[in-house]
Amino acid sequence: MAKPVLLWFRQDLRLTDNPALQAAIERGSPIVPLFIHAPDEEAEWAPGGAARWWQHQSLSALDASLRSLGSRLILRSASTGAAATQRMLLQLIEETGADAVFWNRRYEPAIIARDSAIKAALRERGVLAESHNGALFIEPWQVQNQSGRPFQVFTPYWRHIMKTLAPPPPSPAPAEFARAARPARWPESDPLESLGLKPRIPWYGGMASAWQPGEAGAAARLDEFIDSALAHYRDGRERPASPGTSRLSPHLHHGEISPRQIWHAVARRAAQDGHPVAEWRASQFVTELGWREFAHHLLFHFPHTPLQPLRTEFEQFPWRSDASQLAAWQRGNTGVPLVDAGMRELWHTGWMHNRVRMVVASFLVKNLRLPWQSGARWFWDTLVDADLAANTLGWQWSAGCGADAAPYFRIFNPVNQGERFDVEGEYVRRWVPEISRLPAKFIHAPWTADAATLRAANVTLGDHYPKAIVDLKESRATALEAYQSMRAVGRE
């Protein structure tokens, strides 16, 4: 009988369009699907609380899918210490007699180093070790500008890729695991609960009601988006009170759906609706998939950026330190309604509308002048779609210190943003109910309302709802002064 292959699942928790799974099936050997929980090896970027909750649900869904096909998911928790995952893989090779390990690649710096060491160790022992691309359209190392260097600006990067990009159709999930693909004896599996992914205190009720983790949930979300929002995406994505975005980011991050599946679903709908290929390829939604690719391109080529600015002059920026203001921002108690609405949505659902993400990030790093790393850390722990590449790109963009960054002087005014994209205040009223009775004229700036209006809305600033912790106009001017002082230091 052929020796088994270990199919090592990571951030690819799906059966459809899974290159490592397809390679294992094509080998014709028994397949042992495996997930190893080893957060210590992810260094300071082990999954945060919200992402762990999601991972728990997704692993449960994947195991159920595998069992329906005659297989199962083996769970193991790797011990602490160096090379824990490598030791666990070698132990499972010993237990099962496997002579091959297949997996799909990840692109975080610590994981790249870990996986390279594992591949070398397996091959040294005569074990076939194969990694595949299951997460991106194109590998980060396959793209360079005319100077032979990594791109640092999105538009030429995406234009370069789109010249030749033609993702192959996604491979279907197996209808069942053939008997030859089922091991004669299954290794022991740790209980899912023993991994400690699900919080002991059930604070995740809001996330549970907002999301359906797992491959089936990803497929349903894609279908719903294409049917109801894709046609109006360019404008609909800007209004946080409306379901105008795809909300596919957590499914993509956990690998419950691939970008190729999304690409071809969009292509099918465009063909049905009679849209030319050039039109949908240049659409705003497809471009958003490009930003995801660009984020991974940057993280791969500039692995220091999760903690350090790409633009080195920002190492001299005069950031402030204020624990009370940081806590007010984290909990949505800044007294600035759009900011508070976004931060409360994040805390309750594990997600935040992208327009609002830019607003709350700008408020933290420019109006409060607190370090962008503090914001990145908070997002990392609270987002169900906490992705190191996207999180790093977004925060460095907001702070003005990264590749293709927003100029530092671009400071989002949360009042203006609210009046433009949440005109009637629906979004704010949902997440900041203390001021929900205010007229739309004042909902984004309650401090501008007269005393009679505040009384009629049962709002007492500083009591029912906080007074703004910072003056938007003054803090903007101070931020620009700090930026100029940094530039002056850089010229000395």
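Since the structure is predicted, the reported quantities are computational estimates derived from the model, not experimental observations.

Cut-off values and rules
Residues numbered from 1 in each chain as written. Predicted model: local features only at pLDDT ≥ 70, side-chain atom pairs only at ≥ 80, totals over all residues. Heavy atoms only, no water. 1 Å grid on protein atoms, 1.4 Å probe; cavity = no way out; pocket = protein on both sides within 12 Å on 5 of 7 lines; lining within 4 Å. Points joined across faces, edges and corners; volume = space filled by probe spheres on them. Helix = DSSP H or I, 4+ residues; strand = E, 2+ residues; numbered from the N terminus. Nonpolar A, V, L, I, M, F, W, Y, C, P; charged D, E, K, R; others polar. Contact = heavy atoms within 4.5 Å. Polar contact = N/O pair within 3.5 Å; in protein donor to acceptor, adjacent residues only side chain to side chain. Phe/Tyr/Trp six-rings, centres within 6.5 Å; stacked < 30°, edge-to-face > 60°. Buried < 20%, exposed > 50% of the residue type's maximum accessible area, 1.4 Å probe, protein only. Salt bridge = Lys/Arg side-chain N within 4 Å of Asp/Glu carboxyl O. Axes fitted to C-alpha atoms, helices over the stretch in contact; angles between N-to-C directions. Left-handed = near helix turned anticlockwise from the far one by under 90°.

Draft legend 1. A look at empty space enclosed by the protein. The final tally for this structure, using the stated rule, is six cavities of 30 Å³ or more. By volume, the largest cavity amounts to about 290 Å³. Taken together, 24 residues form the lining of the largest cavity, with Gln11, Glu42, Pro47, Gln55 and Arg106 sitting closest to its centre. For the lining of the largest cavity, the elements supplying multiple residues, two or more each, are strand E1 (5-9), strand E2 (31-37), helix H2 (49-68) and helix H4 (109-124). Sorting elements by how many residues they give to the lining of the largest cavity places E2 first, with three residues. A breakdown of the residues in the lining of the largest cavity according to their chemical character gives 13 nonpolar, six polar and five charged.

Draft legend 2. The arrangement of the environment of Arg292 in detail. Of note, Arg292 is situated in helix H12 (residues 284-301). A C-alpha to C-alpha distance of 10.0 Å links Arg292 and Phe137, two positions 155 residues apart in sequence. In contact with Arg292, not counting residues within four places along its chain, are Ala135, Leu136, Leu252 and Pro259. A distance of 2.8 Å separates a polar atom in the side chain of Arg292 from the backbone oxygen of Ala135.

Draft legend 3. Region of the structure containing the packing of aromatic side chains. With the rule as written, the count across this model stands at 28 aromatic pairs. With a centroid separation of 6.1 Å and an interplanar angle of 75°, the aromatic rings of Trp329 and Trp395 are classed as edge-to-face. One end of the pair, Trp329, is in helix H13 (residues 323-331); the other, Trp395, is in helix H17 (residues 388-399), with 66 residues separating them in the sequence. Assigned by exposure class, Trp329 and Trp395 land together as buried.

Draft legend 4. Looking closely at the pattern of salt bridges. Scanning the model with the defined rule gives 20 salt bridges in all. Between Arg67 and Asp63 there is a salt bridge, with the nearest N and O atoms lying 2.9 Å from each other. Taken together, the residues Arg67 and Asp63, both in helix H2 and four residues apart, mark about one turn of the helix. Given a relative accessible area of 46%, Arg67 falls into the partly exposed group. Classification of Asp63 by relative accessible area gives buried; the value is 19%.

Draft legend 5. The packing of helix H3 (residues 84-96) against H4, seen in detail. Orientation of H3 relative to H4, taken along the N-to-C sense of each, is 35°, at an axis distance of 10 Å. Handedness of the crossing formed by H3 with H4: right-handed. Contacts from Thr85, Gln86, Leu89, Leu90 and Ile93 in H3 reach Arg114, Ala117, Ile118, Ala121 and Leu122 in H4. For the contact of H3 with H4, the per-class residue count stands at seven nonpolar, two polar and one charged.

Draft legend 6. View of the environment of Gln261. Here Gln261 is to be found in helix H10 (residues 259-272). Relative accessible area serves as the criterion here: at 14%, Gln261 is assigned to the buried category. It is 7.6 Å that separates the C-alpha atoms of Gln261 and Pro169, two residues lying 92 residues apart in sequence. Reaching out from Gln261, the side chain makes a polar contact with the backbone nitrogen of Ser258 at a distance of 2.9 Å.

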